[in-house]
Structures are given as structure tokens and as C-alpha cells.
Amino acid sequence: MIEQLFTLKNRVSINVRYSIPGGETILFLHFSSGNSHMWDSLIPYFTNHFNLIVPDIRGHGKSDSPKEGYHIDDMAADMNLLLKELGIKRCHIVGSSLGAEIALSFASSYPDMVKSIICEGALYNEFGPYGLINDSEEIKTETIDKRRIDLMNFTRPAFNTKDDFVNAMKNDFKKQGIWNEHFLNFVKHNMSKTEDGYFTNCFPLLARQEYIQHYWDVKFEEYYKKVKCPILMLPSDDEWHNLKAREIMIKFSTLVGKSEIKHIEGSKHAYMWMQFPKLMSTVVHDYLKRKVLSID
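Here's a quick rundown of the structure. The structure displayed is predicted, hence computed values, not measured ones. (Residues numbered from 1 in each chain as written. Predicted model: local features only at pLDDT ≥ 70, side-chain atom pairs only at ≥ 80, totals over all residues. Heavy atoms only, no water.)

Examining the pattern of salt bridges
Then, number 1: Tallying each qualifying case throughout the model produces 9 salt bridges.
Then, number 2: With a closest N to O distance of 2.4 Å, Arg147 and Glu126 form a salt bridge. Residue Arg147 is located in helix H3 (residues 137-153), and its partner Glu126 is located in strand S7 (residues 125-127); the two are separated by 21 residues in the primary sequence.
Then, number 3: Overall, Arg147 belongs to the partly exposed group, its relative accessible area being 28%.
Then, number 4: Of the charged contacts in the structure, one is a salt bridge between Lys225 and Glu222, with a shortest N-O distance of 3.5 Å. (Salt bridge = Lys/Arg side-chain N within 4 Å of Asp/Glu carboxyl O. Helix = DSSP H or I, 4+ residues; strand = E, 2+ residues; numbered from the N terminus. Buried < 20%, exposed > 50% of the residue type's maximum accessible area, 1.4 Å probe, protein only.)

Dropping the structure here:
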């Protein structure tokens, strides 16, 4: 794959790895605080069949980290400009967590550019009728105020060496019971060096803070209503077994003309792609072949 840094018309530089031999295109969008290397174990299953576009979202990896612009609509606009730079007129989008939210925003704003979404995220809101928290405005305000304080006080651990950073992330994934060899390249690319010489996560705190504060107010139902393409929703174990989350997910699915829900058993939100790359590649291939490629 080619790796290139594109300075877009909005002056944000986006790092992307891509392969465009011709035919159908898949845009892979990673989760928050991640990077494009989360897809490394999945890419070989698609290289011979699709054009592949695998960017670092703004604020992540090797892409620019501007001081603002971390609403999902801003990041969807980045992807629109990037696809134009690459000469891609239509694509399928596979999104994980934040990547799924951006995919949904993109499909609602540029419906003619999206042929399908495989959506591992954007399955419920935080607040309101389609939210996990559906209390009074007073309780909502109290909850957000408390979360905002925690958000502003949050600090990322910093490590003396790259190995210390990698081992800390590795140990955290081991505690969650999901570590395997497919996580290693992702972890190695997920660090940045601070001005004082320490190593920490490459997603800046300012970007994290702005993104999350926007996220609290996002109403995904308004995006789903505008989507024209088929959607496959992929809930993890926690999302599937949370009855309220599942109920909201099902409601969202009814807002789309063609939608399916497939629970990935044993999976962890955002990390299922690295947990089960072969299985996930089969899920994507089967869905595209069965529901999308044959009807366009």
C-alpha cells in the first residue's frame, strides 16, 4: 500500500494508506484514541478484491491535530475532501466506534457517495429518548457537569521509553482478556513523544475533550433518517447484552431502508477487528456480496 500525507482544501493534513487497483472501494475508519493500524490484520483479506482507503482520522496517528474541528461532521468533511483527492466517487465504509459515527455523518451529508456502511458504533445516544440515559433535563445537566469535570481533569499516563508504553498497553489488553499478536502493530503506532521527552497516546487531550463534549449532544437518529444506503450494525457483547442499548439499536435500524444487525459473540467494543480479523473479514465480505455488490 502507498502511504501519503494529503493537505486537504481545509488545510488539515490527513495521513492515509491506500491501494487503488480499480473496482469497488472500502474506506476503513478507526476508533477514537486509535490509529489506522488497527486494520492491519484485516487488510490482507481485501487487498485483491477492493480499493482500500485507510486513513488516520484528524488528531490521530500521523495526521494533523488542529486545536478544533472534532465534531463528527468536521471529520466526515475531511473524508469527503480526502476521497476527492484520491479520485474516489463512491465507496463502502467500515467504521469502528468513532469511525462508525463519522461514517454515519458522511452518509447523511454525502448520500450519493456511500454504497453501504458496516457500523460497529453509533448504536445508541448518550442522552434522550434514544439514549442510555433518559432522565430529566436537571439530571442530564448534573451528569454532564460531573463528566465535564472528570474530562478536564483527565491526564494520560506518560512513559520513559517506547517499550514502557507498549508494555503498559499490552498489559491492559491482557487484563481485558483480549490481547493477541494482532494488537501489536496497532499499539506500536499509537504513541507520540511529548515536548519533555515522554511517550503517551497520540490522541491529544484537547482533541479528546472537544470530541467527547460534542458526542454528548449528538442525536444519531437524525443521521440515520438521512441515510440512503444499506447498513450492517455490529454490536459487541456488552452492547448486545445491554437490553436498553439493544432496544435503541433496533429502533435506529428501523429508520434505515435496508438494515441488519449481527452480534459478534465474544467481542469487545472497538477491538473486535483485532480480536477476530478472519471472522470480521468474512462478515464484511459476506455482507457486501449478499446485500450490496449484486444490486448496484
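Some thoughts on the sheet that holds strand S4 (residues 51-55)
Then, number 1: Pairing is mixed across the open sheet formed by 8 strands, whose spatial order is S1-S2-S4-S3-S5-S6-S11-S12. A single partner strand is all that each edge strand has here, and the edge strands are strand S1 (2-7) and strand S12 (259-261). In this sheet, adjacent strand axes meet at a mean angle of 20° when their direction is disregarded.
Then, number 2: Two elements, strand S11 (residues 231-233) and S12, share 3 bridges in a ladder whose sense is parallel. Of the residues in S12, the one forming a bridge with Ile231 is Ser259.
Then, number 3: Lying over the sheet, helix H11 (residues 277-292) contacts strand S3 (25-29), strand S5 (91-96), strand S6 (114-120), S11 and S12, oriented at roughly 145° with respect to S6. (Pairing = 2+ DSSP bridges. Axes fitted to C-alpha atoms, helices over the stretch in contact; angles between N-to-C directions. Contact = heavy atoms within 4.5 Å.)

Observations regarding the pairing of S6
Then, number 1: Of all 7 residues making up S6, 7 are buried, and the element is well covered by its neighbours.
Then, number 2: Inspection of the sheet shows S5 paired to S6 by 6 bridges, in the parallel sense. Paired with Gly95 across the two strands is Cys119, which belongs to S6.
Then, number 3: You can see the chain leave S5, run along helix H2 (residues 98-109) and come back into S6, and the turn it takes is right-handed.
Then, number 4: Of the strand pairs in this sheet, S6 and S11 are connected by 3 bridges, and their pairing is parallel. Bridged to Ile117 within S11 is Ile231. (Right-handed = clockwise from strand over helix to strand, strands pointing away.)

Quick word on helix H9 (residues 243-254)
Then, number 1: With 12 residues, H9 ought to run about 16 Å at 1.5 Å a step, and its terminal C-alpha atoms sit 17 Å apart, in line with that.
Then, number 2: Tucked into the core, H9 has its buried residues touching S7, strand S8 (131-133), helix H7 (220-224), S11, helix H8 (237-241) and S12.
Then, number 3: The N-terminus of H9 is capped by Asn242, whose side-chain oxygen sits 3.1 Å from the backbone nitrogen of Lys244. (Expected span 1.5 Å × (residues − 1). Polar contact = N/O pair within 3.5 Å; in protein donor to acceptor, adjacent residues only side chain to side chain.)

Some details on unusual backbone geometry
Then, number 1: The backbone of Arg11 shows a phi angle near 75°, a positive value even though the residue is not glycine.
Then, number 2: Note on placement: Arg11 falls in the loop between S1 and strand S2 (13-19).
Then, number 3: We classify Arg11 as exposed; its relative accessible area is 73%.
Then, number 4: With phi around 65°, Ser33 is a residue other than glycine that occupies positive phi space.
Then, number 5: Mapping Ser33 onto the fold places it in the loop between S3 and S4.
Then, number 6: Owing to a relative accessible area of 18%, Ser33 belongs among the buried residues under this scheme.

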